Amino acid sequence: MTDKFTRIVYNVIKDADIIIEVLDARNPLGTRSNRLEILINQYQNKKLVLLLNKADLIPSEILHQWIRFLSKEYPVFYTSDRYGFQNSIRFLKKNILKLTKKRPVRVCLVGYPNVGKSSIINALRKKKVAPTSPLAGFTHGKKYIKLAKGDIFLIDTPGVIPFDEESEVELVLRGAIRPDKIYHLLDAVDKILSIVSKDELFNKYGINYTNTNEFLEKMAYKRGRLGAKGIADIKSAAKILINDFQRGRIKYYFDPPK
Ligand SMILES: Nc1nc2c(ncn2[C@@H]2O[C@H](COP(=O)(O)OP(=O)(O)OP(=O)(O)O)[C@@H](O)[C@H]2O)c(=O)[nH]1
Ligand SMILES: [Mg+2]
């Protein structure tokens, strides 16, 4: 079995004792990988941990509801590169050491594109105890970053879970397609408008609306995206919204299931 998932993800997790699945705190279930979790559960000696990143983008009571909900299945931690990153990183390291007695414990990060894996690895690397270097005794020429005085070895390349068989709209939501490459722009806008509250859109753009077309027309006029004869350029307006959404400029989040 050498599909994309197996090649990329399995290669990273096979040497790890603890796998950190990085999730977007705004949409934890949408960024969870069932396939990854099934794979890890096949190994008795590998443990999965969930890490809600971008915690700054959701209200803290929602964050804590998600933690409570997800903790029923796996240990859950959170991070944010916007505030107190080093504190949450320290907390994470301390708790990783509590999950197993094995020393050094080998840890890797896995997640969908754009959830913040590289940011987390960079934050960990800043406080590195030893420079990144290949360690003798481990196969595959992987590089490890030594943490917690050498008690933790972090595999320095994250496993990027490839998207497969997903609709374009899903990919847009996850920031995996740039606005210029989107074919079904209006479907993407419909979806975004169904996720983001009207209050948020009013605060951000000063626009009230009852349907997608009205929203886009108002956006086009406000931003001067007008075509021939002053007709609203709906597509151009759609790209503004999608771009802002993908860059985290529009607040949205999913509530945990009751
Ligand atoms: N607001 C906020 N943005 C974050 C946070 N962490 C990462 N980001 C942003 O999210 C984007 C993606 O971060 P990366 O670290 O590149 O994500 P990645 O998972 O390595 O992405 P790939 O390499 O594409 O798989 C960047 O623009 C980061 O600045 C966070 O905690 N809060
Ligand atoms: Mg990355």
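Predicted, not measured: the structure shown is a model, and the values here were computed from it.

1. Focus on the domain arrangement of the chain
Interfaces are often described in size by the accessible area the parts lose on coming together.
Consideration 1: Taken domain by domain, the chain consists of domain 1 (4-160) and domain 2 (168-246).
Consideration 2: For domain 1 and domain 2, the distance between their C-alpha centres works out to 34 Å.

2. Concerning the pattern of salt bridges
Consideration 1: The final tally for this structure, using the stated rule, is 10 salt bridges.
Consideration 2: Between Arg35 and Asp3 there is a salt bridge, with its nearest N and O atoms 2.9 Å apart. With Arg35 in helix α2 (residues 34-41) and Asp3 in the segment before α1 (4-13), this residue pair connects regions lying 32 residues apart in the sequence.
Consideration 3: Using a relative accessible area of 34% as the deciding quantity, one classes Arg35 as partly exposed.
Consideration 4: The partly exposed category is assigned to Asp3, whose relative accessible area is 30%.

3. A word on the side chain of Glu21
Consideration 1: Relative to the helices and strands, Glu21 resides in strand β1 (residues 18-24).
Consideration 2: We note that Glu21 is buried and unpaired, the nearest opposite charge coming from Arg32 at a distance of 4.7 Å.
Consideration 3: A distance of 2.7 Å separates a polar side-chain atom of Glu21 from the backbone nitrogen of Ser33.
Consideration 4: Contact partners of Glu21, with chain neighbours within four places excluded, come to Thr31, Arg32, Ser33, Leu36, Glu37, Leu48, Val49, Leu50, Leu51 and Val110.

4. Observations regarding the pairing of strand β7 (residues 152-155)
Consideration 1: Across the two faces of β7 the burial is the same, with Ile152 and Leu154 and Phe153 and Ile155 all buried.
Consideration 2: Here strand β4 (residues 105-111) runs beside β7; their pairing, made up of three bridges, is parallel. Directly across from Arg106, in β7, lies its bridge partner Phe153.
Consideration 3: In the sheet, strand β6 (residues 143-147) pairs with β7 via four bridges, with the strands oriented antiparallel. Paired with Lys146 across the strands is Phe153, a residue of β7.
Consideration 4: Connecting β6 to the antiparallel partner β7 that follows it, the hairpin turn spans four residues, and Ala148 within it adopts a positive phi of roughly 50°.

What counts as what
- Residues numbered from 1 in each chain as written.
- Chains lettered and ligands numbered in written order.
- Predicted model: local features only at pLDDT ≥ 70, side-chain atom pairs only at ≥ 80, totals over all residues.
- Heavy atoms only, no water.
- Domains from an automatic or database assignment.
- Salt bridge = Lys/Arg side-chain N within 4 Å of Asp/Glu carboxyl O.
- Helix = DSSP H or I, 4+ residues; strand = E, 2+ residues; numbered from the N terminus.
- Buried < 20%, exposed > 50% of the residue type's maximum accessible area, 1.4 Å probe, protein only.
- Lys, Arg positive; Asp, Glu negative; His and termini not counted.
- Polar contact = N/O pair within 3.5 Å; in protein donor to acceptor, adjacent residues only side chain to side chain.
- Contact = heavy atoms within 4.5 Å.
- Pairing = 2+ DSSP bridges.

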